[in-house]
Amino acid sequence: MTSITVATEPAYTVEVGPGALAQVGALVADRRRVAIVSQQAIADRYAETVRSSIDAPTEVFLMGDGEVHKCLSTVEDLCRSFARWGLLRGDAVVALGGGVVGDTAGFAAAVYHRGVEVVQAPTTLLAMVDAAIGGKTAVNLAEGKNLVGAFHQPIGVVADTDTLGSLEPREYRSGLGEVAKYALMFDVAEDPTGLVDLLRTGTTSLLDREPALLADVVARCVKVKADVVARDPHERTGIRATLNLGHTLAHALEIAFEHRLTHGEAVAIGLVFVGALAGGCERVGIDVVDRFQAIPASLGLPVAVPEPESVSAAELLSLMARDKKASGGLTFVLPGPMGLELVEDPPTAALRYAFESVGIFQEKP
Ligand code: GLY
């Protein structure tokens, strides 16, 4: 088991490794009651392991599958169910599942009784390396994703890598999109994660979900996220925004394709795009442009927009301008000589080159 500290105030730990779910009980020792929020299929597999680790009375509260259930009415249902069960402010909530559960249960915990403690117990690769760490909780509105939320740091995170063996192949691959992002966040010469080397030699084992390698990769990604979150917990200085590497185009693609692309698939294409964009802006050399393509490709992720004729650069530019980070124009996280930086309104020629790198031609070729 690897234990990683997120040095927020207060600090908490992320336990990464096989069998970590059994550690939930230690995190909520002495609580009077513990509410476990999950979805049916996940609860069927893992709720008993979590419940048996907890001394206090527990109850499982189920929510539906899919982004459509990450909404205010689910939060209301959960809070009303908590109230009927008698959950009080000194008690705790456990979010057992992927990002949808973590975000929704985390937000319910943030607002119920003006805030009860939450333990994040992610069961997908995407949630383990990203969503469960850092205290971002939110639900969707009809007007957009994650529009209502709160920063609510968990009291602990348990990332049980045994749960990753049962993920659907596409869901697992989606998590690899975020792994690719962490591998590309640093200059390769001073990469503190060692992920680039690890991926170079271990891609096949990672795709085969070899347990020891998987636990190692998750722990390395979590360390990066923990460090970034501790330096900018409320995304105020621009440091935390660097975690959105590749995400400006990714969010636009998710909307344009009405979620037929998974988040990780969209991030992979977004990484190729920003590598080329940074090259087009002469911030990096061709070696970096190539690496931003090669790493997602090595993980079996898409590196070009599927059905490119169904979406135009103009449509994607307009969706990207609506991105949360945009402060009037188009904003991208780009690699460069000083590392990752937020860059606004890159030159048209660089954008054209970046679009072409992912198979989108502004005028029909
Ligand atoms: N997923 C990006 C962040 O947690 O800031």
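Let me sum up the structure you'll find in this document. (Residues numbered from 1 in each chain as written. Predicted model: local features only at pLDDT ≥ 70, side-chain atom pairs only at ≥ 80, totals over all residues. Heavy atoms only, no water.)

### Here we look at the site of the ligand
Near the ligand you find Asp 130, Lys 136, Lys 225, Glu 235, Arg 240 and Leu 243, and these make up its full shell. A distance of 2.9 Å separates an oxygen atom of the ligand from a polar side-chain atom of Lys 136. The contact in question runs from an oxygen atom of the ligand to an N or O atom on the side chain of Arg 240, over 2.7 Å. When the free accessible area of the ligand is taken as 200 Å², the share hidden by the protein chains comes to 87%. (Near = heavy atom within 4 Å. Polar contact = N/O pair within 3.5 Å; in protein donor to acceptor, adjacent residues only side chain to side chain. Areas by Shrake-Rupley, 256 points an atom, 1.4 Å probe, with all protein chains shown as cover.)

### Describing the pairing of strand E1 (residues 2–6)
Along any regular strand, the residues point their side chains to alternate faces of the sheet. Two elements, E1 and strand E2 (residues 12–17), share five bridges in a ladder whose sense is antiparallel. Along E2, the bridge assignment pairs Ile 4 with Val 14. Hairpin connection between E1 and E2: a loop of five residues separates the two successive antiparallel strands. (Pairing = 2+ DSSP bridges. Helix = DSSP H or I, 4+ residues; strand = E, 2+ residues; numbered from the N terminus.)

### Some words on a negative patch on the surface
A grouping of Asp 187, Glu 190, Asp 287 and Asp 290 is seen on the molecular surface, where their side chains present a negatively charged patch. Mapped onto the elements of the fold, Asp 187 is located in the loop between helix H6 (169–183) and helix H7 (195–207). Taking the relative accessible area as the measure of exposure, Asp 187 reaches 46% and is therefore partly exposed. (Patch = residues over 30% accessible without salt bridge, like charges linked within 9 Å, V, L, I, M, F, W, Y side chains within 5 Å. Salt bridge = Lys/Arg side-chain N within 4 Å of Asp/Glu carboxyl O. Lys, Arg positive; Asp, Glu negative; His and termini not counted. Charge placed at Lys NZ, Arg CZ, Asp CG, Glu CD. Buried < 20%, exposed > 50% of the residue type's maximum accessible area, 1.4 Å probe, protein only.)

### Details of helix H13 (residues 348–357)
Listing the buried residues of H13 in full gives Ala 350, Leu 351, Ala 354 and Phe 355. For H13, the arc enclosing every buried residue in end-on projection is 135°, short of the 170-degree limit, so these residues lie on one face. Turned more than 90 degrees off the buried face of H13, the exposed positions are Thr 348 and Ala 349. Of the residues one or two after H13, Gly 359 is the one with positive phi, at around 85°. (Arc of directions from axis to C-beta.)

### Some remarks on the packing of helix H10 (residues 263–280) against helix H11 (residues 286–298)
One way to put it is that H10 packs onto H11 with a least axis distance of 7 Å and a crossing angle of 170°. Put simply, H10 runs roughly antiparallel to H11. From H10, Ala 268, Leu 271, Val 272, Val 274, Gly 275, Ala 276 and Gly 279 reach across to H11, where they touch Val 289, Phe 292, Gln 293 and Pro 296. Partitioning the contact of H10 with H11 into residue classes produces eight nonpolar, three polar and no charged. (Axes fitted to C-alpha atoms, helices over the stretch in contact; angles between N-to-C directions. Parallel < 35°, antiparallel > 145°, perpendicular 65-115°, else oblique. Contact = heavy atoms within 4.5 Å. Nonpolar A, V, L, I, M, F, W, Y, C, P; charged D, E, K, R; others polar.)

### A closer look at the packing of aromatic side chains
What the rule picks out here adds up to five aromatic pairs. For the ring pair Phe 82 and Tyr 112, a centre distance of 5.4 Å and an interplane angle of 80° mean the geometry is edge-to-face. Residue Phe 82 is located in helix H3 (residues 72–85), and its partner Tyr 112 is located in the loop between helix H4 (99–111) and strand E6 (117–122); the two are separated by 30 residues in the primary sequence. For Phe 82, a relative accessible area of 0% translates into the label buried. Given the relative accessible area of 6%, Tyr 112 is considered buried. Ring centres of Phe 273 and Phe 355 lie 5.0 Å apart, and the angle between their planes is 65°; this geometry places the pair in the edge-to-face category. Highlighted residues: Phe 273 in helix H10 and Phe 355 in helix H13, separated in sequence by 82 residues. The burial state of Phe 273 is the same as that of Phe 355; both residues are buried. One aromatic cluster is present, built from ring pairs that chain together Phe 61, Phe 82, Trp 85 and Tyr 112. (Phe/Tyr/Trp six-rings, centres within 6.5 Å; stacked < 30°, edge-to-face > 60°.)

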